[in-house]
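An overview of the molecular structure
Residue strings, one per chain:
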Amino acid sequence: MKRCSQCGRTYPDDSLAFCLDDGSLLSAPYDPNATLRMSPPTNPKTTEVLPSRSMSERARPGNKSLVLYLAIGLGALIVGGVIVGLMKSGGEKPSELSANSNPAANSNAAAPATQTTISNAPRSAPTLAPLDISGNWRDQFGFVSHVTQTGDQFQITAIGRGCRGRFVTSGSGTIRGNTLELEYTSNYSKGHCGGTISPDGSQMTSDCLDTACGRFLTSSRRQ
């Protein structure tokens, strides 16, 4: 069905193109029921457009706490990463870094250090073999002594003249290297002598202290 837009006359024949009354161009076929209009409801609900909330309104107390916790957690992660980096970079001392850069130093550092123990105990002097003084000896006064020796022990007998006349002396002593100690007894006194022996064992000198004659020095040569 077509309709005239000027007079409103309708034509059921869709083949017509112009209105028979006023010659106006007919409209395209249409459905007469499509022209019915629905009346709007008596109480239409209007759509309310809510104003957009600002950032300050969105940041409610609950949201502020969440943001604060997130900021604290992020800060802790950053600080932890900085500390770990410092520990890794500061783990080696300068001396260790220089040693690591030098393979020869590393090989030397790997060798175990030799520990030296220092003892404060006094060291004993080396023991010298005693010189042999066995035989006959003549002193500066012309008196002769006879010495027998076993190891570092010796015995002596002597006859002569001293501060109180003729004496007969016997004694024993010890030789340590080239030194000697002698304790003797005569027919009128006692005494002690300490002396030395020449390196070749041919001469002895002694410093003696006698109970009757006092202190005196002797020098004897091997016969």
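Procedures and definitions
Residues numbered from 1 in each chain as written. Predicted model: local features only at pLDDT ≥ 70, side-chain atom pairs only at ≥ 80, totals over all residues. Heavy atoms only, no water. Helix = DSSP H or I, 4+ residues; strand = E, 2+ residues; numbered from the N terminus. Buried < 20%, exposed > 50% of the residue type's maximum accessible area, 1.4 Å probe, protein only. Contact = heavy atoms within 4.5 Å. Areas by Shrake-Rupley, 256 points an atom, 1.4 Å probe, with all protein chains shown as cover. Core = buried A, V, L, I, M, F, W, Y, C linked by side-chain atoms within 4.5 Å. Disulfide = S-S within 2.5 Å. pLDDT = per-residue confidence, 0-100. Lys, Arg positive; Asp, Glu negative; His and termini not counted. Salt bridge = Lys/Arg side-chain N within 4 Å of Asp/Glu carboxyl O. Phe/Tyr/Trp six-rings, centres within 6.5 Å; stacked < 30°, edge-to-face > 60°.

1. Overview of the overall build of the chain
Counting secondary structure elements, the chain contains four helices and 10 strands. Along the chain, from the amino end to the carboxyl end, the secondary structure elements read β-β-α-α-α-α-β-β-β-β-β-β-β-β. The 223 residues of the chain split such that 18% are buried. The contacts of the chain with a sequence gap of at least 6 include a subset with a gap of at least 24, amounting to 24%. A total accessible area of about 17,100 Å² is found for the chain, and carbon and sulfur atoms account for 58% of it.

2. Re the environment of glycine 165
Assignment of secondary structure puts glycine 165 in strand S6 (residues 165-176). Glycine 165 sits in the buried class, given a relative accessible area of 16%. In sequence terms glycine 165 and tyrosine 188 are 23 residues apart; their C-alpha atoms lie 9.3 Å from each other. Ignoring sequence-local partners within four residues, the contact set of glycine 165 consists of Gly160 and Tyr188.

3. Regarding the nonpolar core
One finds Ile133 and Phe154 to be the most contacted residues of the largest nonpolar core, which totals 13 residues. Counting only elements with at least two residues in this core, the list comes to strand S5 (153-162), strand S7 (179-185), strand S8 (190-197) and strand S9 (203-210). Leave out the neighbours within four places in its chain, and isoleucine 133 touches Val147, Gln149, Phe154, Ile175, Ile197, Met204 and Arg222.

4. Some points on the state of the cysteines
Summed over the entire model, instances satisfying the criterion amount to two disulfides. The disulfide partner of cysteine 163 is cysteine 213, and the S-S distance across this bridge is 1.8 Å. An S-S torsion of about -80° defines the bridge between cysteine 163 and cysteine 213 as left-handed. A residue pair is termed long-range when its members are at least 10 positions apart, and cysteine 163 in the loop between S5 and S6 and cysteine 213 in the loop between S9 and strand S10 (214-222) qualify at 50 residues. According to the relative accessible area criterion, cysteine 163 is partly exposed, its value standing at 49%. For cysteine 213, a relative accessible area of 31% puts it in the partly exposed group. Residue pairing for cysteine 193: its cysteine sulfur links by disulfide to cysteine 208, the two sulfurs lying 1.9 Å apart. Measuring the twist about the S-S bond at about 115°, one finds the cysteine 193-cysteine 208 disulfide to be right-handed. Linking cysteine 193 in strand S8 with cysteine 208 in strand S9, this pair joins segments that are 15 residues apart in sequence.

5. Topic: the environment of isoleucine 133
Along the chain, isoleucine 133 falls in the loop between helix H4 (103-110) and strand S3 (135-139). Sequence-wise, isoleucine 133 and asparagine 178 are 45 residues apart; in three dimensions their C-alpha atoms are separated by 9.9 Å.

6. So, the confidence of the model for the chain
In low-pLDDT regions, the fine details of the predicted coordinates are not to be read closely. Averaged over the chain, the pLDDT score is 77; the fraction of residues at 70 or greater is 63%. Confidence drops under pLDDT 50 across residues 92-99; counting only partners more than four residues distant or on other chains, this segment forms five contacts.

7. A word on the side chain of lysine 2
With respect to the helices and strands, the residue lysine 2 is situated in strand S1 (residues 2-3). One buried charged residue, lysine 2, remains without a salt bridge, the closest side chain of opposite sign being aspartate 14 at 6.2 Å.

8. Observations regarding the packing of aromatic side chains
Under the counting rule described, the total for this entry stands at two aromatic pairs. When the centroid spacing of 6.4 Å and the interplanar angle of 35° are considered together, the rings of phenylalanine 141 and phenylalanine 143 count as tilted. Overall, phenylalanine 143 belongs to the partly exposed group, its relative accessible area being 24%. With a centroid separation of 6.1 Å and an interplanar angle of 80°, the aromatic rings of phenylalanine 143 and phenylalanine 167 are classed as edge-to-face.

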